[in-house]
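# Reading the structure
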Amino acid sequence: MVTWFENTSLPILFIIGIMFLIPLALSQLTKKLHLPNVIAYMIAGIALGPSVLNLMNEQMLGNMEFITHMVLGFVAFKIGLEINIKEVMAHGRGIIITVLSESFLAVIIVALLLYLFTGNLALALIFGALAPASAPAGTIAVIDETKSKGSLTQTLYSIVGIDDGLAIIIFGLISPIAMFLLSHLGGEGTLDSSIWTSLIEPFREIGLSILLGGATAMLFIWLNRFKGFRGELMLLSFGAVILVTGVSQLANLSEILSGMVFGLVIGNYPKLEELKEYEEEEVGFIIPLFYLLFFTIAGANLHLKSIPALGMIGLLYVIGRIAGLGGGAFVGASLGKMEPKVRKYLGFGILSQAGVAIGLALIVKNRFQGMGPEIDDAGLTMGSHIGNIVFTTITATSVVFEILGPILTKFALKKSGEAQV
């Protein structure tokens, strides 16, 4: 028998077959319960992953990581394609005010709640900095599943596309403050060079991500001038998206931002309007496949054993983030004079959180090691302690938000009247 992984005697094709059939079977149940398909996929992933059956073990999940990055690249590309620059410009003030309002209110509420509970300002600031980070894949999957169209849907495309870029900036500005506080506690009294690097890094990442997406779009437009490439428009776009995603990984850039900019430029280029039609007609059959694979793998990566670690810090983080994003979205949409249904339901569609937040939490865990004073006889420092709490808590709360987010997104689209199915 041919096997691919040391920890299982089952062929990879058997596992992949199971990855398709079990989520599809479960989705029949979630449809009857009026829940999004992604919930079925994630439950199937949890069951197949290390938390339960371990058919998809850690080694297999590591080898399948490229699928996650590839799907995120296509999700970002789709977000960019769907954003109409003319409509955004018409409502640009409202969108900008809303993004700023929901992001910063989430930072303030989460940080305040955590500070009042723990009395640790560095810890509170880090949790506040992580609150705005979102996971657009869940929101976009539900929009596709419900075939939603309208002002709320268009606003969601714009918001989730911008959110992660702003989240990276906020994290990059706040985390050095927390590092400074820890350094001060340790009596060092000087700013470490890594703090200045932390301040510069988010702007480097965002600037280069935008440049990469824009440059790839220009190359795509140039190649489209040749008849041979023009006849293979969809294959060319697939290859370009995968290339953008790969370069983003290679250069430690935001694959979501670079992919979105790529889609945004070519989606608003007059001579490439046919691409949107191809995207709906020719790629429509493969997008559900991408979502099934992505969310099944995402579910397998969620470790149920981390849930008990939530505790009061995790509970306050969940409550504060929901209140901040929901309240901020309502306030921002109201100040921006957006439609009543957008004000009322936007906050329900932006709650998903996973990959970006976990990645930033891992940065905190690694960067804070050894910082600050020792807090026990074993030599554990305050920085190491904060890093461990942050990573464990964000991993656990991601389970909650990845399940709650799509459910509330579907609720919002249904209630607003924009869901077609």
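Procedures and definitions
- Residues numbered from 1 in each chain as written.
- Predicted model: local features only at pLDDT ≥ 70, side-chain atom pairs only at ≥ 80, totals over all residues.
- Heavy atoms only, no water.
- Helix = DSSP H or I, 4+ residues; strand = E, 2+ residues; numbered from the N terminus.
- Buried < 20%, exposed > 50% of the residue type's maximum accessible area, 1.4 Å probe, protein only.
- Contact = heavy atoms within 4.5 Å.
- Areas by Shrake-Rupley, 256 points an atom, 1.4 Å probe, with all protein chains shown as cover.
- Salt bridge = Lys/Arg side-chain N within 4 Å of Asp/Glu carboxyl O.
- Polar contact = N/O pair within 3.5 Å; in protein donor to acceptor, adjacent residues only side chain to side chain.
- Expected span 1.5 Å × (residues − 1).
- Patch = residues over 30% accessible without salt bridge, like charges linked within 9 Å, V, L, I, M, F, W, Y side chains within 5 Å.
- Axes fitted to C-alpha atoms, helices over the stretch in contact; angles between N-to-C directions.
- Parallel < 35°, antiparallel > 145°, perpendicular 65-115°, else oblique.
- Left-handed = near helix turned anticlockwise from the far one by under 90°.
- Nonpolar A, V, L, I, M, F, W, Y, C, P; charged D, E, K, R; others polar.

With that settled, the discussion passes to the overall build of the chain. Helix and strand content of the chain: 19 helices and 0 strands. Looking at the 421 residues of the chain, the share that counts as buried comes to 53%. In the chain, the share of contacts with a sequence separation of at least 24, taken over all contacts with a separation of at least 6, comes to 80%. As displayed, the chain has an accessible area near 18500 Å², and 68% of this comes from carbon and sulfur atoms.

Below, the discussion takes up the pattern of salt bridges. One pass over the full model with this rule turns up 2 salt bridges. Salt-bridge contacts for Lys-410 lead to Glu-145; the nearest nitrogen and oxygen are separated by 3.7 Å. Of this pair, Lys-410 sits in helix α19 (residues 382-416) while Glu-145 sits in helix α8 (residues 136-146); the two residues are 265 residues apart in sequence, bridging distant segments of the chain. Under the relative-accessibility criterion, Lys-410 is labelled buried at 10%. The partner of Glu-418 in a salt bridge is Lys-341, and the shortest N-O contact between them spans 2.8 Å. Separated by 77 residues along the polypeptide, Glu-418 in the segment after α19 and Lys-341 in helix α17 (residues 340-345) bring together distant segments of the chain.

On to the side chain of Thr-155. Within the secondary structure layout, Thr-155 lies in helix α9 (residues 151-185). Using a relative accessible area of 6% as the deciding quantity, one classes Thr-155 as buried. Reaching out from Thr-155, the side chain makes a polar contact with the backbone oxygen of Ser-151 at a distance of 2.7 Å.

This part is about helix α15 (residues 287-301). A turn of α-helix holds 3.6 residues, and therefore any two residues three or four places apart point the same way. Along its 15 residues, α15 runs 21 Å from first to last C-alpha, staying within 8% of the 21 Å computed at 1.5 Å per residue. Extensive coverage of α15 is indicated by the burial of 12 of its 15 residues. Listed in full, the buried residues belonging to α15 are Ile-287, Phe-290, Tyr-291, Leu-292, Leu-293, Phe-294, Phe-295, Thr-296, Ile-297, Ala-298, Gly-299 and Ala-300.

The terminal C-alpha atoms of helix α2 (residues 37-48) lie 17 Å apart, and with 12 residues this matches the ideal 16 Å at 1.5 Å per residue to within 8%. Across the 12 residues that make up α2, a large majority, 10, are buried. Within the sequence span of α2, burial applies to Asn-37, Val-38, Ile-39, Ala-40, Tyr-41, Met-42, Ala-44, Gly-45, Ile-46 and Leu-48. Those residues of α2 hidden inside the fold are in contact with α1 (12-32), α8, α15 and α19.

We now examine a nonpolar patch on the surface. A cluster of nonpolar residues, Ile-96, Leu-100, Phe-104 and Ile-108, forms a patch on the protein surface that exposes about 380 Å² of accessible area. Among the secondary structure elements, Ile-96 is positioned in helix α6 (residues 92-118).

Let's shift gears to the side chain of Ser-103. Note on placement: Ser-103 falls in helix α6. Residue Ser-103 is classed as buried on the basis of its relative accessible area, which comes to 0%. Ignoring any residue separated from it by four or fewer positions in sequence, one finds Ser-103 in contact with Pro-132, Asp-163, Leu-166 and Ile-170.

In this section: the packing of α6 against helix α7 (residues 121-130). At a minimum axis distance of 8 Å, the contact between α6 and α7 shows a crossing angle of 150°. With respect to α7, the element α6 is oriented roughly antiparallel. Both α6 and α7 take part in a crossing whose hand is right-handed. Packed against α6, whose contacting residues are Val-107, Val-110, Ala-111, Leu-114, Tyr-115 and Thr-118, the element α7 presents Leu-121, Leu-123, Ala-124, Phe-127 and Gly-128 at the interface. Considering only residue class, the contact of α6 with α7 consists of 9 nonpolar, 2 polar and no charged.

Residue Lys-147 is not a glycine yet carries a positive backbone phi of 50°. Mapped onto the elements of the fold, Lys-147 is located in the loop between α8 and α9. Classification of Lys-147 by relative accessible area gives exposed; the value is 53%.

This part covers the packing of α6 against helix α16 (residues 311-335). Axis separation between α6 and α16 bottoms out at 7 Å; the angle between their running directions is 150°. Taken together, the axis directions place α6 and α16 in an arrangement best described as roughly antiparallel. Judged by the sense of rotation from one axis to the other, the crossing of α6 with α16 is right-handed. When grouped by side-chain class, the residues that make up the contact of α6 with α16 number 18 nonpolar, 9 polar and 3 charged.

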